[in-house]
Amino acid sequence: MIFRQYRNWRNAYFITVFILTIISILVGTFIFTKEKKVVAAEKIREIESVSSQKSKQITEWYKDEVNDALVISQNSVLLSMIKTAITDKSLINEEFRYSISQIASQHDYEEIIITEANGSILYSSNNDSTVSRKHNYSRKEFRITYNPQVTTSGIYFSSNKKLILDFITHPKIDGRDIKLILRINPESSLLPLMSYSPVYEKSFRSGLIEFTGDSITLIFSNGESETFKAGHKYVTSYFFKLDEKINKNVFKAHDVSGNLIIAYLSPVLDTPWNLYSKVDNKELFLSFNRQAIFILLLIILVFILIFTVISSLYSQREKDIYKSLYQMFSDSPQPMWIYDLETLRFLEVNHAAIFHYGYSRDEFLSMTIKEIRPREDVAHLLEDVKNTTNPFNDAGIWRHLKKNGELIYVNIKSHEVIFNKRNARHVLAMDITDIKVAQDALQESEQKFRQLFEDHSAVKIIIDPTDGKIVNANEAAAEFYGYTREQLTSMYVYNLNILDQEKIKDEFKKVLEQKKINFEFTHRKSDGTLCDVEVFSSRIHISGKYYLHSIVHDISEKKKAMAQIEKMVAELVTAKNKAEESDHLKTAFLANMSHEIRTPMNGILGFMELLRQPGLTGDQFDEYISIVKTSGERLLSTINDIIDISKIESGQITLNESGCNLNDIITQQYDFFKPEAEKKGLEISINSLLREDEKFVRTDITKLESVIVNLIKNAIKFTKSGSIKLSVSRAEEKLLFNVTDTGKGIPKDRLGIIFERFVQADISMARDHEGSGLGLAISKAYIDLMGGEINVESEIGKGSSFTFSIPYKPAEITSKVQIPGKLEEICKIPQDLNILIAEDDEISYIYLSRILKKYKVNLIRVYNGIEAFQECEKNAEISLVLMDIKMPIMDGYEATRSILTVRPELPIIALTAFALSDDKEKAIECGCVDYLSKPVKKEVLLEAISKYSTKKATA
């Protein structure tokens, strides 16, 4: 009666069917078009939303890397190491490489490079520094607006086709500009951030665009890249032909392959990149088209059903129905009204509407639907009425005003009707104010929590405390543990925490009881590696149940740093103690050296002064000369020790092996020291010698004798009574030497350090013995050089036993074996022998000339190597040369080589005050026939002259 009035319903039936079909097609097409636009808008919003979020994540990642680079470049320890490496290139060693490699590993850098300001590479953590200097770093650098101290290279391929990204800082080392280049592999850190896809993921693709000079590079999330040079047909349109600009960042276009796409393009803030993503337009609407087909089929079925039902009704029945419908309209508890589509006036309202809004029926019928809307909503209402063509319309949620001014939210549903022959709409209004307020509050809360949880850079997980199941985890957690979020949410916290399950449950109880929220655990990642973490847990309430919200911080590096700090502190304390001890030892050593040098010098100078007094008897003269000689030998011994230890410290000691009879060496030393030992009332003996078939060996005789002499001298020096025993024996492939005494002994706390430089068993100023105290240090260095080792056993008051070993190297008896013997006392020097003396020191020349004065020889003196060469070249009568090594203009080594080029047969004897163990080898190497160290003993000099002048005469 009130909704639709038809006359001659049966006659109009077929007309109605036709009209409804046409209307359905039109309305369906309209709805399809409109809904397609809605779907397109939703899809575009989804692309824009996801892409925008990814852009923010890339920006945050970029800022984190920039901050990381800045922090590392300001690391004082690293800068100190770089300073040291630049100042002294010899220090660029394995330790330096290891240190910067560790820094690179800890911060996930592929490589750390140090260059000059002009790009010249000084060092790389992955390459030897000498190789690295052959290259030059010349990448264009992008400035960073918010942090001018850091620049970046942009993404590019390295020489080995590997994708890399450099962050470059410019620290100054002592005013010197350098570049610290921190190299990252984008495939492991940046590109995963771009690996996102909406639901439609078959054709979806995303990447970064980077502008470099005249090129544009597109880097996709799978590591592939495309580079377009200037002038390419797609360069000016950013890789596609623009069809329609949908909004600021979204476009409809044809890509380089000609496909219609929806594309997103926007700069990534604070980076040198633009984010680019696209999806095929067909795939975008694939799901919608399928739904549209389904709905179309459903509507067709509904229409068939409706038409079938309508055809079975009669007009009277229709009237009865409409009567019933009006009764239902009037008495319905839900507010309803009918309004004129042309004037928007209320045509009818029910009792529920009158009661709910507070207006009377007459007031309603004098009003329009605009008057129950807030003023600011009227324009939207008119637009909606204008655009609403669907007879049945779900208008959604609107704001209405009651008579008392109260604002309410209502859900509107309407359909078209004919009321009193006027086109009208029947409206159902459901008040949802309470629901809307609650939903808005809940939605806002959920959105805040979800955004805070999912997008937070901290590692976050939500745990069900009843069974330990992980019910949610954010992206940071997935990245940290190496699982996907789906994998994490199917796991239990026991799969991550290595702690016993029962203990973990106890910790859950503490959190639920709010007794504890902070923990330190060890977690296991997907690759099996363990890391120390600090966990902050809190109890949250979701859907009537308690869960644990946990924030996880990786403290592995923190713990390592703390351990390193503790180790460094301990090392510093140890170093401090050692430095104090070393300072004390060196002070005592210097005091001892002063004593050991001044004491013999006092004897030499003092008794030389006494020798000048007139009236000395022969005995007094011999006594004073003996004292001067003894003091000189003591001073020379001290100087030799200092020279030897200096040579050892500089690493210039070498071996000079030859054959010898070890038994003779031990026996000779026994014979030599026996008078001195017996003078002190000591008994000295040989316990054992080598068998006849073992006694000939190859070794460095000089160094071996030096060790044996040092040990015997120490034994005599520190033994007041008792005995001294010597022995040598063979143990498989080693020779064992032993010197045992019954002397004062060595304290146990000094047994381990008496072989060190500047260390003695007794370091007090009141020692009762003489000597430099370097003997044991020199002996140990010689034994180490020979491939052996030395040990000592001692007890205070009972004596000491020194044992050392060297490798056993047999010498064949048939070979030339040096057997130490005494100097010949009879020297045969030919008369009228012409001897050239190359000596710049006047005193040394006078000494030599006095020794040779009694022999009928001719002495020719020159002052430097040049003069020596010239004299030998022009004077063929010269039969022997005494060559000083240390001379001006040309030294003795060079002079000897020059002389032998013109006089190869001429014997040259080297004289030097250097007195170092390998100086003899140098002299022999350059062509000298023998080597004598200053001060030269008379007997040794005459023996050498006799030996080589006789050979010359024989030749």
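About the thresholds
- Residues numbered from 1 in each chain as written.
- Predicted model: local features only at pLDDT ≥ 70, side-chain atom pairs only at ≥ 80, totals over all residues.
- Heavy atoms only, no water.
- Axes fitted to C-alpha atoms, helices over the stretch in contact; angles between N-to-C directions.
- Helix = DSSP H or I, 4+ residues; strand = E, 2+ residues; numbered from the N terminus.
- Parallel < 35°, antiparallel > 145°, perpendicular 65-115°, else oblique.
- Left-handed = near helix turned anticlockwise from the far one by under 90°.
- Contact = heavy atoms within 4.5 Å.
- Nonpolar A, V, L, I, M, F, W, Y, C, P; charged D, E, K, R; others polar.
- Pairing = 2+ DSSP bridges.
- pLDDT = per-residue confidence, 0-100.
- Buried < 20%, exposed > 50% of the residue type's maximum accessible area, 1.4 Å probe, protein only.

## Details of the packing of helix α23 (residues 892-902) against helix α24 (residues 919-926)
- Remark: α23 packs on α24, axes separated minimally by 9 Å, with the N-to-C direction vectors making an angle of 20°. Viewed along their axes, α23 and α24 adopt a mutual orientation that is roughly parallel. Handedness of the α23/α24 crossing: right-handed. Side by side, α23 and α24 meet where Tyr-893, Thr-896, Arg-897 and Leu-900 of the first sit next to Asp-919, Lys-922, Ala-923 and Cys-926 of the second.
- Across the contact of α23 with α24, the residue classes tally to 4 nonpolar, 1 polar and 3 charged.

## Re the sheet that holds strand β36 (residues 930-933)
- Spatially, the 5 strands line up as an open sheet ordered β33-β32-β34-β35-β36, and their pairing is parallel. With one partner strand each, in any of the chains shown, β33 (857-862) and β36 form the two edges of the open sheet. Strand-to-strand twist of the sheet, defined as the mean angle between neighbouring strand axes without regard to direction, takes the value 20°.
- Relative to β36, strand β35 (residues 908-912) runs parallel, the two being bridged by 4 bridges. Looking at β36, one finds that Thr-912 is bridged to Ser-933.
- The strands touched by α23 are β34 (880-884) and β35; relative to β34, the strand with the most contacts, the crossing angle is about 155°.

## Overview of the confidence of the model for the protein chain
- Across the protein chain, pLDDT averages 80, with 83% of residues at or above 70.
- Segment residues 231-238: pLDDT under 50, and 10 contacts once partners within four positions in sequence are set aside and those in other chains are kept.
- Throughout residues 814-825 the model reports pLDDT below 50, and contacts reaching past four residues in sequence, or to other chains, amount to 18 contacts.

## A few points about the environment of His-415
- Tracing the backbone through its elements, the reader meets His-415 in strand β18 (residues 407-419).
- Taking relative accessible area as the criterion, His-415 reaches 17% and is therefore assigned buried.
- Each C-alpha atom, one on His-415 and one on Thr-389, is 9.8 Å from the other, the two residues being 26 residues apart in sequence.

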